[in-house]
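Examination of the molecular architecture
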Amino acid sequence: MNNLKETYDRLLNGNKQWQLKKITEDPMYFDELSKGQTPDYLWIGCADSRVPDNEITGSSPGDIFVHRNIANMVVHTDMNLLSVLQYAVEVLHVKHVIVCGHYGCGGVLAAMKNTENGLVDNWLRNIKEVYYTHRVELEAIEDMKLRGDRLVELNVRHQVENLAKTATVQNAWKKRELQVHGWVFNLTTGGIIDLEVMKDELEDMPSIFHYS
Ligand code: CO
C-alpha cells in the first residue's frame, strides 16, 4: 500500500513544487493565467502518456486547447471531439487545428492485428478502415515496424480530412483563415514531422463533402 500512496503523492508534491517555481519566477503568473484563455491552436493528439502537447512543443499553459483520445481519431459521431472542435473554432477562434499522431502508437498497432480486444475494437475499427483503403501500399512494406509507421502517417492524414469534412471547419473557412495540419511525433528522436497535408479551403476537399 505504501507504494500506492507514494505514487499518488508524487503528483500532488510535484504540483506544489511547480506552483512555487512559477510564483518565484513571476509573482503575477497565476493572476494572469486565471484571466482567461486565447489559444491559437487546437491539438488533437493520442492519449499516450509519452506525447504531452505543451512539453514537446515548448509551449505553455494557455497556448493550446487540447483533445486527446486513443490514436488521435476524428470520428464523426464523437460528440466529445465535435464539441471541443466547435468551441475551439467558433468561440476561441483558434487559427490552427493540429492532428498529432506518433510512431509506435499502440492503438494503430492493435488495429493492424486480428486479436479481439473487447469494446475498444469499435474505436480501432476506424483505423482498420484506413488500413483497408491503403492495403496495397501497406502490404508492400514487409517490415512490420515500417508498415506500422506508415499506417500512423496515413491515419493522421485521414483524420485531417475528417476535420475538413465537418460543417464547423467549413463554416469557419467561409468567414476567416483556419488551417488544419497533420503531424507525427517521433518518440525515438523527440522530433515532430509535418506531413504537409494542410487543408485551409473548401477546394481542398472533394465536392461531395462540401456544404453550401
Ligand atoms: Co498512440
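In this report, the structure presented in the accompanying data block is examined.

Rules behind the numbers
Per chain, residue numbering runs from 1 following the sequence as it is written. For this predicted model, a pLDDT threshold of at least 70 governs which residues receive local features, and a threshold of 80 or more governs which side-chain atom pairs are given and counted, while totals over whole chains, interfaces and linings are taken from all residues. Side-chain metrics rest on all non-hydrogen atoms present in the structure, leaving aside hydrogens and water. Helix numbering and strand numbering both begin at the N terminus, where a helix is a DSSP run of H or I of at least 4 residues and a strand a DSSP run of E of at least 2. The classification of residues rests on relative accessible area computed with a 1.4 Å probe and restricted to protein chains. Under 20% of the type maximum is buried, over 50% is exposed, and intermediate values are partly exposed. Contacts were defined at the residue level, with two residues in contact if any of their heavy atoms lie within 4.5 Å. Here the accessible surface of atoms and residues is derived via Shrake-Rupley with a 1.4 Å probe, and residues count as covered only by protein chains that are part of the display. This count recognises Lys and Arg as positive and Asp and Glu as negative, with His and chain-terminal groups excluded. To locate a charge, take NZ of a lysine, CZ of an arginine, CG of an aspartate or CD of a glutamate. Here a salt bridge means any side-chain nitrogen of Lys or Arg lying within 4 Å of a carboxyl oxygen belonging to Asp or Glu. Water is not among the atoms examined, so metal sites may look incomplete; donors are the N, O and S atoms within 2.8 Å of the metal, or within 3.2 Å for Na, K and Ca.

So, the overall build of the protein chain
Each helix and strand counted, the protein chain has nine helices and five strands in total. Across the protein chain, helices and strands are ordered from the amino to the carboxyl terminus as α-α-β-α-β-α-β-α-α-α-α-α-β-β. Taking the principal axes of its C-alpha atoms as reference, the protein chain extends roughly 55 × 50 × 30 Å. Taking all 212 residues of the protein chain together, 38% fall into the buried category. Expressed as a percentage of contacts within the protein chain between residues at least 6 apart in sequence, the contacts between residues at least 24 apart total 62%. For the protein chain, the accessible surface area stands at approximately 12700 Å², while carbon and sulfur atoms represent 54% of it. Charged side chains of the protein chain number 22 positive and 30 negative; the gap between the two group centres comes to 3 Å.

Section: the pattern of salt bridges
Close approach of charged atoms lets side chains of opposite charge pair. Per the stated rule, a full pass over the model turns up nine salt bridges. Across the pair E25 and K21 runs a salt bridge, and its minimum N-O distance is 3.4 Å. With E25 and K21 both in helix α1 (residues 2–25) and four residues apart, the pair spans about one turn of that helix. Residue classification places E25 among the exposed positions, given a relative accessible area of 52%. For K21, a relative accessible area of 47% gives the class partly exposed.

Some remarks on the coordination of the cobalt ion
Listed as protein donors to the cobalt ion are C46 (SG), H102 (NE2) and C105 (SG); their distances from the metal cover 2.0 to 2.3 Å. For the cobalt ion, the single-chain donor residues occur in sequence as C-x55-H-x2-C. Accessibility classification places H102 together with C105 in one group, the buried group.

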